[in-house]
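# Per-entry structural report
This is what each chain is made of:
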Amino acid sequence: MNEATPRRRRSFKIKTKFGAARQWRSRKNPPCDACRRRKTACIIETVPPCRLCRSKGQACKSMDREPISRQSSGETVISDSATNSTVVDASYTSIQALLSPEIEPSPLDGGPTNSPSHRIQELNQALPYGLISPLSDNGPTVDTLEDNENRTAHSLGLSGEQDTDLLAAFRSVITNEKDGISADVIQATPGDVEAAAFPVHFNLLMDEFQPADDLAKQRMSDNIEAMVSPHAATLVQLFFKHVHPVFCVVSKVRFLKAYKEDKLRIPASLRGVVYGLGSTFWQHDPDVEGVLQIDLHILFEAAQSALQRELHGPNLWSVQACLLLLHERPADNATIETPRTWISSSRIVACAQMAGLHRDSSAWHLVPEEKKLRKKLWWATYVSDIWSSVCHGNPPLVYPSSFTTAPPSMDDLAFDEDVPTDLQEMVDVSSQTVNISTSARFLEMVKLSQILHGLIDSYYLDSSYQQTIARPQTREARLLNIRRELETWSSMVPNCVTMAYDGASAFCNNVAPLNLAYFAVQALLFRALMSPARMPAKSDPTSPLCRYFEQAIAEFRNFTLFMSRITRECLHAFWGGHARSQFTLCGNFLIYLFLLAPSPQQVHAAFGLLGSFHESLQRLREWADDDASLALLRPVALRIDSFFLHAARIMRNGMSGT
């Protein structure tokens, strides 16, 4: 080519026909008129209308004309059989020609020739399969991040591989070696600079995994259904009757609808844990007859195994499965909470963050129902994280600056709880409508967990302890503020979640776990207020130990009263996986009070609390005629029994200073 002759950009002609199925920016067919004008993706999943026209409620049509081409000696024509490498090479040449300063770009549709926006439009047309395209302010909205068949939405954070502000200006996709789309970037909200709101994007990935993983998931699904047959429907009913009112993380109506239409649409992990938790109430439910023979260990292991494969593409179903699997019945010989509880909690947090639940979705282009579910699941994750961290005294994985999701309201929690008529036969009568105590219990547990989080941050982190140990007055002031928050919470808690409430049976309204959690927070608060709890502090009337001892004794008289009010029905209701460590915290605190009592009178008072607690444990252990109840009580019972067995030696050694 003569150097004096201006180089012209190569044109691309795509021979296609409008209206055939076209997913993920396929270049096999031209866009409709609306998408062509907007220079955006035109996605037809089966037949017109495309996704944009359907969202706008407008006609989806195409003039069925060939793209504008400029015939020249350098024109390249790409047919349907062109290879990906040819397309990429030709695109590179076109971009290079378009951006060359020697070129005077040709106008498109009579537009200006040299403006930056015009160059971008030229560039966009030069790309045969639209790798990037400008997004207009009135671009298509995203209705759901969850219900996209065979696709999973993964949150793109601010430090992700691409700048979020750039993604707000350009639509991008990732193509594979076969010129197919592996991932598409979708926008949940464009953000608002003036309101300090950043753009939020998600990678929408095709659910294409290793064949071995797909086979394993199918095998686990088949095994789970075989284990529970023919009682699957009854186990679902038991779950929503006994577990859901106390821990309402499953989207009830959505689950029931999917289960009725095709239960295999629900991931095997979630089906397995629903069956497993429901089965633990078979022998105590008055409406169920017969014998259920299921090896729960094998059932839960199948659910765990299925989840491991499903985590390649986590979604809101996965988060619900993770949350419930945390409450798997522990081993019969468990003496302490195993690290699996804490490790499983980290899995919940990771799944929730990948789904973007930690980001406030109130301004996103999503249906309201999905926003409510996302908010509820994030706060269930928050609660699970803080209480799992307490099991071993680890720092929480979630911290205040790691999320923006606002706390839920009663309206958020009541969503999806009213079962429509065509699904009511699948659940017990008590589960067919919204139960206000269910929503209130969840909301109060969130508030209590926030108070606990503040306590952990103020004292129980290594750095917090080191920073405040030399400033006891500052530390005490912070702790007293937390104590006032706890007192306010206790005084404002609704009557329907207190132990005095008798408006429903224990099965449907087990308020004991919430009350137990309150006393566990009290134990941790007094341990912080009374620190450092060492032997010299017993003889120093100005020490925190001496100053707060009587208040601790008074508060834990209420704890022993709480224990005496636990009925047989209440014991056999759902407590959740964190109750074991909460019982242990409270039981150990009673031992703490006895061993550190400053005066003989206080020793006597602390021993009285221990004796009352021991009597309640003995009564409950006599009632515990199932594995779940025994597993709930065993860790704290062994500690109290061990203390009484060795109390005399402990006291002698303590008094002699050895």
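Residues numbered from 1 in each chain as written. Predicted model: local features only at pLDDT ≥ 70, side-chain atom pairs only at ≥ 80, totals over all residues. Heavy atoms only, no water.

Of the regular secondary structure elements, the chain holds 24 helices and five strands. Evaluated residue by residue, the chain yields a buried proportion of 52% over its 658 residues. The contacts of the chain with a sequence gap of at least 6 include a subset with a gap of at least 24, amounting to 74%. For the chain, the exposed area adds up to about 30,400 Å²; of that, 53% sits on carbon and sulfur atoms. (Helix = DSSP H or I, 4+ residues; strand = E, 2+ residues; numbered from the N terminus. Buried < 20%, exposed > 50% of the residue type's maximum accessible area, 1.4 Å probe, protein only. Contact = heavy atoms within 4.5 Å. Areas by Shrake-Rupley, 256 points an atom, 1.4 Å probe, with all protein chains shown as cover.)

Right, let's get into the pairing of strand 2 (residues 151-156). Looking along a regular strand, one sees the side chains alternate between the two faces of the sheet. Extensive coverage of strand 2 is indicated by the burial of six of its six residues. Burial along strand 2 is two-sided: the face carrying Arg151, Ala153 and Ser155 and the face carrying Thr152, His154 and Leu156 are both buried. Sheet analysis places strand 2 next to strand 5 (residues 200-206), joined by six bridges and oriented antiparallel. Among the inter-strand pairings, histidine 154 is bridged to a residue of strand 5, identified as asparagine 203. (Pairing = 2+ DSSP bridges.)

Next up on the list: unusual backbone geometry. Omega for the peptide link from serine 229 to proline 230 comes to 5°, which places this bond in the cis form. Mapping proline 230 onto the fold places it in the loop between helix 6 (211-228) and helix 7 (232-243). The phi torsion at aspartate 416 lies on the positive side, around 70°, for a residue other than glycine. The topology assignment puts aspartate 416 in the loop between helix 14 (410-414) and helix 15 (436-460).

Attention now moves to the side chain of serine 464. Structurally, serine 464 can be placed in helix 16 (residues 462-468). Here serine 464 falls in the buried class, since its relative accessible area comes to 9%. Within polar-contact distance, the side chain of serine 464 engages the backbone oxygen of aspartate 457 at 2.5 Å. The residues touching serine 464, leaving out its near neighbours within four places in the chain, are Asp457, Ser458 and Tyr459. (Polar contact = N/O pair within 3.5 Å; in protein donor to acceptor, adjacent residues only side chain to side chain.)

Take the packing of aromatic side chains next. Considering all chains together, one arrives at 26 aromatic pairs under this definition. Consider the rings of phenylalanine 519 and phenylalanine 559, whose centres lie 5.5 Å apart with planes at 65°: the pair is edge-to-face. Separated by 40 residues along the polypeptide, phenylalanine 519 in helix 18 (residues 512-529) and phenylalanine 559 in helix 20 (residues 544-564) bring together distant segments of the chain. Each member of the pair, phenylalanine 519 as well as phenylalanine 559, carries the same accessibility label: buried. Taken together, a centroid distance of 5.6 Å and an interplanar angle of 40° make the contact between tryptophan 575 and phenylalanine 583 tilted. Across this residue pair, the class does not change: tryptophan 575 and phenylalanine 583 are buried. (Phe/Tyr/Trp six-rings, centres within 6.5 Å; stacked < 30°, edge-to-face > 60°.)

For glutamine 602, the position within the fold is in helix 23 (residues 600-623). Exposure remark for glutamine 602: the relative accessible area of 12% places this residue in the buried category. Setting aside anything within four residues of it in sequence, one finds glutamine 602 in contact with Phe549, Glu550 and Ala597.

Moving on, we come to the nonpolar core. If you look at the biggest cluster of nonpolar residues, it comprises 146 residues, and the most contacted ones within it are Phe255, Leu270, Leu324, Trp387, Met530 and Phe559. Top contributing element to this core by residue count: helix 18, with 14 residues. (Core = buried A, V, L, I, M, F, W, Y, C linked by side-chain atoms within 4.5 Å.)

Our next topic: the confidence of the model for the chain. Any residue range with low pLDDT should be treated as having predicted coordinates unsuitable for detailed reading. The share of residues in the chain with pLDDT of 70 or more is 79%, and the mean pLDDT across the chain is 82. Low pLDDT, under 50, characterises residues 65-87; the stretch is placed with 42 contacts to residues that sit more than four places away or in other chains. Contacts of residues 102-130 to residues separated by more than four positions or lying in other chains number 61 contacts, the stretch itself having pLDDT below 50. (pLDDT = per-residue confidence, 0-100.)

Turning next to the pattern of salt bridges. Oppositely charged side chains may form a pair once their charged atoms are brought near each other. Counted according to the given criterion, the structure contains 22 salt bridges. Measuring nitrogen to oxygen at the nearest pair gives 3.6 Å for the salt bridge that ties lysine 372 to aspartate 412. Here aspartate 412 lies in helix 14 and lysine 372 lies in helix 13 (residues 368-392), a separation of 40 residues in the sequence. Here lysine 372 and aspartate 412 have matching classes, each one buried. Of the charged contacts in the structure, one is a salt bridge between lysine 447 and glutamate 444, with a shortest N-O distance of 3.5 Å. Of this pair, lysine 447 and glutamate 444 both sit in helix 15, three residues apart, which is roughly one turn of the helix. On the accessibility criterion, glutamate 444 (5% relative accessible area) is buried. (Salt bridge = Lys/Arg side-chain N within 4 Å of Asp/Glu carboxyl O.)

Next up on the list: the packing of helix 9 (residues 268-279) against helix 11 (residues 316-325). Contact pair helix 9 / helix 11: the axes reach a minimum separation of 9 Å and the direction vectors enclose 35°. Along this stretch, helix 9 crosses helix 11, giving a crossing that reads as left-handed. Every residue of helix 11 that contacts helix 9 at Ser269, Leu270, Val273, Val274 and Leu277 is listed here: Trp317, Gln320, Ala321, Leu324 and Leu325. Partitioned by chemical class, the residues of the contact of helix 9 with helix 11 number eight nonpolar, two polar and no charged. (Axes fitted to C-alpha atoms, helices over the stretch in contact; angles between N-to-C directions. Left-handed = near helix turned anticlockwise from the far one by under 90°. Nonpolar A, V, L, I, M, F, W, Y, C, P; charged D, E, K, R; others polar.)

With 25 residues, helix 13 should cover 36 Å at 1.5 Å per step; its first-to-last C-alpha distance of 38 Å lies within 8% of that length. Within two residues after helix 13, glycine 393 carries a phi angle of roughly 75°, on the positive side. (Expected span 1.5 Å × (residues − 1).)

Before going further, it helps to examine helix 17 (residues 472-492). In this model helix 17 runs 30 Å from its N-terminal to its C-terminal C-alpha over 21 residues, within 8% of the 30 Å that 1.5 Å per residue would give. Residues of helix 17 that are buried include every one of Arg475, Leu479, Ile482, Arg483, Leu486 and Trp489, and no others. Burial along helix 17 is one-sided: seen end-on, the buried residues are contained in an arc of 115°. Relative to its buried face, helix 17 has exposed residues pointing more than 90 degrees away, namely Gln473, Ser491 and Met492. Among the structural elements, helix 15, helix 16, helix 18 and helix 20 are those in contact with the buried residues of helix 17. (Arc of directions from axis to C-beta.)

With that settled, the discussion passes to the environment of alanine 500. Structurally, alanine 500 is set in the loop between helix 17 and helix 18. Judged by its relative accessible area of 60%, alanine 500 is exposed. For the pair alanine 500 and valine 511, spaced 11 residues apart in the sequence, the C-alpha separation amounts to 9.5 Å.

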